[in-house]
2 protein chains.
Amino acid sequence: MCQACDSFLDRLFAKGVLHETGVDGLYGRGQAFEAVIEGMDRLITRTAANDHAEVIRFPPGMNRALFEKSGYMKNFPQLAGTVHSFAGSERDHLALLDNIHNGGDWTGGQGATDIVLTPAACYPLYPIVARRGPLAPEGGLFDIQSYCFRHEPSKDPARMQMFRMREFVRIGLPEQAASFRESWLERARDFAETLQLPHHIDVANDPFFGRAGRMMASSQREQALKFELLVPIESTENPTACQSFNYHQDHFGELWGITTASGETAHTACVGFGMERLALALFKHHGIDTNGWPNSVRAALSL
Amino acid sequence: MCQACDSFLDRLFAKGVLHETGVDGLYGRGQAFEAVIEGMDRLITRTAANDHAEVIRFPPGMNRALFEKSGYMKNFPQLAGTVHSFAGSERDHLALLDNIHNGGDWTGGQGATDIVLTPAACYPLYPIVARRGPLAPEGGLFDIQSYCFRHEPSKDPARMQMFRMREFVRIGLPEQAASFRESWLERARDFAETLQLPHHIDVANDPFFGRAGRMMASSQREQALKFELLVPIESTENPTACQSFNYHQDHFGELWGITTASGETAHTACVGFGMERLALALFKHHGIDTNGWPNSVRAALSL
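Residues numbered from 1 in each chain as written. Chains lettered and ligands numbered in written order. Predicted model: local features only at pLDDT ≥ 70, side-chain atom pairs only at ≥ 80, totals over all residues. Heavy atoms only, no water.

Naming follows an unreviewed UniProt entry, where chain A appears as Amino acid--[acyl-carrier-protein] ligase of Methylosinus sporium.

Written out as C-alpha cells, the structure is:
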C-alpha cells in the first residue's frame with residue numbers, strides 16, 4: 001500500500017478541506033476548514049468572556065525595528081521572514097524582467113522594507129503596551145490574533161508556514177502572570193474534552209537556534225517556563241503542540257520597559273492557540289467530513 | 001490650527017480604533033474596527049447568499065513561482081513583497097547579530113524563500129481552478145479572501161500596506177463574466193446606500209509601473225475594463241476606491257490555461273471589497289464612536 005498516496009494531507013486536498021499551492025506548508029482553506037476555525041474562535045471567546053480582555057487584531061507583518069529589538073533573530077533566525085521590495089529604476093526593472101524570463105534569480109535586487117512577518121501574535125503587542133506608560137494596579141489583559149509566519153516547509157499539514165495564532169496575554173505582577181497561566185492550563189483540559197480530542201499537557205521548549213540555543217532550551221525546560229497541550233496529528237509518538245502556555249518572567253517587561261503601577265518591571269505570560277493545528281486535530285480525530293462529527297462537538301463549534 | 005495633530009488617522013489612534021506600530025500603513029486593529037469588518041463580511045455574505053459561490057480563504061502569502069508567472073512583477077514591481085529568510089551557519093548567525101547590534105544592514109544575507117506576499121486575493125485562485133480541468137457549463141464562481149500586501153507606505157489610513165480583500169471571482173464565458181460584473185455594479189450601489197456612504201462609480205485604471213505602464217493604464221480605461229466604487233475618506237477631490245469591478249477578458253484564462261466546457265479559453269471577472277477602506281469610510285462619515293452610527297447602519301452590520 002502506498003502510504004504517501006494516502007496521507008492525511010492528501011485526503012484533505014482530495015476533499016477540498018485544504019487547497020494545494022505547490023509550496024509545502026502553504027495552503028488555501030476550504031469552506032469546512034474555515035467554519036471550524038470560526039467555530040473555535042467563538043468557543044475561545046465564550047471561554048474568556050468574563051475576563052474582559054482588550055481585543056486587538058494584528059496584520060501579518062510587524063515593524064522591523066521593533067522585531068530587531070525583540071531578540072527574535074538571536075533565538076530563531078531560521079524561522080523569521082523579512083519582506084523585501086523593488087525600488088529600482090525602469091532600467092533595473094527591465095533587467096529584473098529578463099531575469100524572470102530566463103529563470104534566473106531576480107530576487108537579489110529586492111531591498112528590505114520596514115516590515116517583517118510576525119512570528120508570534122504577541123510580538124507587536126508589547127511595544128504598544130509600553131507606550132501607554134505604567135500599568136493600572138489590576139495589570140493588563142489582551143485578546144489578540146495574527147497570521148504568523150515560520151519558515152519551516154514541511155509535508156506535515158500541522159507544520160504550516162503561515163497560520164493563525166489566537167493569544168491571550170497577561171501583563172502585571174509575577175503572581176498575576178502565574179495565576180493567569182494556571183487558569184488557562186485548567187481551561188485547556190476542558191477545551192480539549194469539549195472537542196473530544198485525545199491530549200496531554202507537558203513541559204516544553206522553544207526551537208532555539210544553534211549550540212547556545214540548546215542551553216537556552218534546556219534552561220527553559222528546567223524552569224518549566226513553557227507548557228504545551230499536545231494532540232497526536234501526524235504521529236502518535238510525536239504529538240503536535242496545539243496550545244502553548246508561556247511564562248516569560250520579566251523578559252519582555254525589561255526589554256520594552258513595561259512597568260507595574262508601583263514602578264516595578266512587569267512580568268508577562270501568554271496562552272497561544274494554534275488555530276490551524278487545532279482544526280487539523282479535529283479533522284484527524286473526527287473525520288474529513290464535519291457532518292459526521294460527534295453532535296456535542298458540532299454544537300460546541302456551532303457547525 | 002495644527003492640521004497634522006488632528007488628522008483622521010490621529011483620531012483613530014487616540015480612540016484605539018487603530019494602533020500605531022511605527023510604520024506608516026501598518027496598524028493594529030481595535031475591537032470596534034474589527035466588529036465593523038466582521039459586520040461587513042456578514043453583510044457581503046448575505047448579499048451573495050443565493051449565488052452559492054465556492055468559499056476559499058488564503059493565507060497572506062502565495063507560491064513565488066506562480067507569482068512570477070502571473071506577470072505581477074511586469075506591471076506592479078514597486079508594490080510587491082517577497083519573503084526572505086536566513087539559511088546560514090552558526091558563524092553567519094554571529095555576524096548577523098553583530099550587524100543588528102551595531103545598527104548595520106543585516107538583511108543582505110537573507111535569501112528569497114518560495115513565498116511572496118499576496119498582492120490581490122484572486123492571484124492564488126487561478127492556478128487552483130486551472131488544475132481542475134475544463135469548467136462545467138455553468139462556469140465557476142468563487143468567494144475568496146486574503147490579507148494582501150502593497151508596498152506603498154503612506155499616512156493616508158486608507159492606503160495600508162497590509163489589508164484584507166474579500167473577492168468574488170467569476171470564470172466562464174465572456175457573457176457570464178460580463179453579467180456577473182453588471183450585477184455587482186448594481187449591488188454596490190445598494191451596499192453603499194445601506195451603509196449610508198456618499199459614493200460614485202467611475203471607470204479606473206491600475207497603477208501600472210513606468211512609461212510602458214502608462215500606455216497599459218490608458219488602454220485599460222479606454223476599454224472600460226475596471227470600475228471603482230469611490231468614497232471620500234482622506235480627501236473629497238481624490239476619493240478612495242473601496243470596491244473594484246474588473247473584467248480581465250481572457251488574460252488569466254490564457255495565462256493559466258483555464259478552459260470552458262466547450263474548450264475555449266475562459267474569461268474572468270472579479271469584484272473586490274477593500275475591507276479596511278470600507279471600514280474607514282464608515283468611521284469617517286458616521287463618527288469615531290460606532291455607538292453613534294445611524295441605527296439602520298448598525299443594524300446592517302449587526303453592531
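Let us keep going from here.
Participant: Please clarify how the overall build of chain A should be interpreted in this entry.
Facilitator: Across its full length, chain A carries eleven helices and twelve strands. The C-alpha radius of gyration of chain A comes to 21 Å, within 12% of the 19 Å expected for a compact globule of 303 residues. Viewed in the frame of its principal axes, chain A has a C-alpha envelope of about 60 × 50 × 35 Å. Counting the 303 residues in chain A, one finds 56% classified as buried. Restricting to contacts in chain A with at least 6 residues of sequence separation, those with at least 24 account for 70%. In the form shown here, chain A has an accessible surface area of approximately 12,600 Å², with 49% of it arising from carbon and sulfur atoms. The centroid of the 28 positive side-chain charges in chain A is displaced by 1 Å from the centroid of its 36 negative side-chain charges. (Helix = DSSP H or I, 4+ residues; strand = E, 2+ residues; numbered from the N terminus. Rg over C-alpha atoms; globule rule 2.2 N^0.38 Å. Buried < 20%, exposed > 50% of the residue type's maximum accessible area, 1.4 Å probe, protein only. Contact = heavy atoms within 4.5 Å. Areas by Shrake-Rupley, 256 points an atom, 1.4 Å probe, with all protein chains shown as cover. Lys, Arg positive; Asp, Glu negative; His and termini not counted. Charge placed at Lys NZ, Arg CZ, Asp CG, Glu CD.)

Participant: What should I look at first to understand the confidence of the model for chain A in this one?
Facilitator: Residues of chain A with pLDDT of at least 70 account for 98%, and the chain-wide mean is 96. In the predicted complex, the global pTM is 0.97; the interface-specific ipTM is 0.96. (pLDDT = per-residue confidence, 0-100.)

Participant: Would you explain the pairing of strand β8 (residues 162-172) of chain B in this entry?
Facilitator: For a regular strand, the rule is simple: side chains alternate between the two faces of the sheet. Residues and elements named next belong to chain B. With eleven of its eleven residues buried, β8 lies for the most part within the structure. Here β8 shows two buried faces, one formed by Met 162, Arg 164, Arg 166, Phe 168, Arg 170 and Gly 172 and the other by Phe 163, Met 165, Glu 167, Val 169 and Ile 171. Here strand β7 (residues 140-149) runs beside β8; their pairing, made up of ten bridges, is antiparallel. Within β8, the position partnered with Gln 145 by the bridge is Arg 166. Relative to strand β12 (residues 267-274), β8 runs antiparallel, the two sharing eight bridges. Residue pairing in the sheet places Val 169 in a bridge with Cys 270 of β12. (Pairing = 2+ DSSP bridges.)

Participant: How do you make sense of the domain arrangement of chain A when you look at a structure like this?
Facilitator: Many authors give the size of an interface as the accessible area that is lost as the parts come together. Residue and element names in this part refer to chain A. Domains assigned within chain A are domain 1 (4-81 + 119-300) and domain 2 (83-117). Measuring from the centre of the C-alpha atoms in domain 1 to the corresponding centre in domain 2 gives 33 Å. Overall, the association of domain 1 and domain 2 removes approximately 740 Å² of surface from exposure, summing both partners, and the carbon and sulfur fraction of that is 58%. When residues of domain 1 are sorted by the area they lose upon contact with domain 2, Met 62, Arg 64 and Gly 81 head the list and together hold 57% of the total. Between domain 1 and domain 2 we count zero salt bridges in total. (Domains from an automatic or database assignment. Buried area = accessible area lost by both parts, 1.4 Å probe. Salt bridge = Lys/Arg side-chain N within 4 Å of Asp/Glu carboxyl O.)

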